[in-house]
Amino acid sequence: MIDYVVSSDGTRIGFERIGDGPPLVIVHGGVNSAADWHRVAAKLAPRFECFVLDRRGRGHSGDGPSYSLERERDDVIAVLAKAGPSSTLFGHSFGAVCALEAAIEARIAKLIVYEPPLLARESPSVADRFQALLDRGDPGDALGDFLINQTGMPAAALAPLQASPAWGRMVELAWTFPRESRALVEELGDPGRYAAVKTPTLILVGADTEDHARKASELLLGILPAARSLTLAGQGHAAHRTGAQLLADAVAAFAAT
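Residues numbered from 1 in each chain as written. Predicted model: local features only at pLDDT ≥ 70, side-chain atom pairs only at ≥ 80, totals over all residues. Heavy atoms only, no water.

(A) Just the state of the cysteines, in detail. For the coordinates displayed, the defined rule picks out zero disulfides. The structure places no disulfide on Cys50, whose sulfur is separated from the nearest cysteine sulfur, that of Cys98, by 18 Å. (Disulfide = S-S within 2.5 Å.)

(B) Looking closely at the packing of aromatic side chains. For the structure on display, the rule yields five aromatic pairs. Ring centres 4.5 Å apart and planes at 35 degrees place the aromatic pair Phe130 and Phe177 in the tilted group. With Phe130 in helix α4 (residues 124–135) and Phe177 in helix α8 (residues 177–187), this residue pair connects regions lying 47 residues apart in the sequence. An identical accessibility class is assigned to Phe130 and Phe177; each is buried. A network of ring pairs unites the aromatic residues Phe130, Phe146 and Phe177 as a single cluster. The ring of Tyr4 has Arg12 sitting right over it, with the charged end atom 3.7 Å from the ring centre. Against the face of Phe254 rests Lys110, its NZ or CZ located 5.2 Å from the ring centre. (Phe/Tyr/Trp six-rings, centres within 6.5 Å; stacked < 30°, edge-to-face > 60°. Helix = DSSP H or I, 4+ residues; strand = E, 2+ residues; numbered from the N terminus. Buried < 20%, exposed > 50% of the residue type's maximum accessible area, 1.4 Å probe, protein only. Lys NZ or Arg CZ within 6 Å of the ring centre and 35° of its normal.)

(C) A look at the pattern of salt bridges. Tallied over the entire structure, the rule returns 20 salt bridges. Among the salt bridges present, the one from Lys82 reaches Asp3, with a minimum N-O distance of 3.6 Å. A residue pair is termed long-range when its members are at least 10 positions apart, and Lys82 in helix α2 (residues 69–83) and Asp3 in strand β1 (residues 2–6) qualify at 79 residues. For Asp3, a relative accessible area of 14% corresponds to the buried category. Here Arg179 ties to Asp63 by a salt bridge, and the two come within 3.0 Å at their closest N and O atoms. Placement of Arg179 in helix α8 and of Asp63 in the loop between β4 (49–53) and α2 is noted, with a sequence separation of 116 residues between them. (Salt bridge = Lys/Arg side-chain N within 4 Å of Asp/Glu carboxyl O.)

(D) Structural detail: the packing of helix α5 (residues 139–149) against helix α6 (residues 155–162). Remark: α5 packs on α6, axes separated minimally by 10 Å, with the N-to-C direction vectors making an angle of 145 degrees. Considering the relative orientation of α5 and α6, their crossing is right-handed. Between α5 and α6, the contacting residues are Gly144, Leu147 and Ile148 on the first element and Ala155, Leu158 and Leu161 on the second. Partitioned by chemical class, the residues of the contact of α5 with α6 number five nonpolar, one polar and no charged. (Axes fitted to C-alpha atoms, helices over the stretch in contact; angles between N-to-C directions. Left-handed = near helix turned anticlockwise from the far one by under 90°. Contact = heavy atoms within 4.5 Å. Nonpolar A, V, L, I, M, F, W, Y, C, P; charged D, E, K, R; others polar.)

(E) Broad picture of the pairing of strand β5 (residues 88–92). Burial analysis of β5 places five of its five residues in the buried class, which makes it a mostly covered element. Across the two faces of β5 the burial is the same, with Thr88, Phe90 and His92 and Leu89 and Gly91 all buried. Here strand β3 (residues 23–27) runs beside β5; their pairing, made up of four bridges, is parallel. Each residue of the ladder has a partner; that of Val25, found in β5, is Leu89. Note: β5 against strand β6 (residues 110–114), five bridges, orientation parallel. In the sheet register, Gly91 faces β6, and the bridge partner there is Val113. As for the winding sense of the linkage, the β-α-β connection from β5 through helix α3 (residues 94–105) to β6 is right-handed. (Pairing = 2+ DSSP bridges. Right-handed = clockwise from strand over helix to strand, strands pointing away.)

So, in structure tokens, the structure goes:
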């Protein structure tokens with residue numbers, strides 16, 4: 001079922017309601033959409049009603065005349081208002097930053113974040129290089145260049161990703177990366193602000209993920225007053241693709257306690 005809310009700037013934000021049970025709001029990461037979380041949501045659906053939102057500019061959601069991390073935060077808060085204060089809020093990657101920002105203000109029962117890029121504050125040159133490659137007309141080249149040269153993805157791992165159904169959606173959404181990268185550089189601020197989040201929190205990290213993601217998770221664990229961490233064996237940054245059952249089980253176990 002597709003439902004909608006109107007965010008603070010008038011942008012219509014769409015989300016999919018999947019399953020039945022206590023509310024669980026899922027916020028996807030960069031160059032993703034709600035469609036990339038169908039497998040995880042399907043595994044959670046017998047136990048939770050998942051509100052899988054399309055972040056602005058993709059899927060069922062509109063886009064506003066201006067972009068900022070604050071707008072993204074307000075979008076999440078609008079969906080949470082629909083889901084209710086008993087919601088568990090789960091964000092992945094850039095979506096985890098959006099979730100952290102929302103959790104400062106919104107009433108939620110629990111918070112789960114998977115590898116928010118708090119230490120991956122790319123310089124403006126990263127966004128500029130990505131944009132320059134986009135302007136040459138091949139978003140796939142721009143995305144591949146970023147994954148290998150900026151995130152440290154092994155070149156051998158790129159081909160299987162390019163052969164997967166997810167790649168086409170990622171390429172289609174590549175245009176969103178520069179503005180999100182710039183938002184991290186310009187707006188993120190001191191992660192110490194997240195000490196204001198008193199909500200019980202689970203920090204998920206993949207055992208095989210990049211060093212900056214592990215360090216960011218360790219940093220956040222030391223900031224949040226009611227947090228614990230869990231490492232997912234055999235997973236990297238994209239556990240929603242490579243370990244959907246393992247990820248869903250970890251989310252469900254924490255949300256249900």
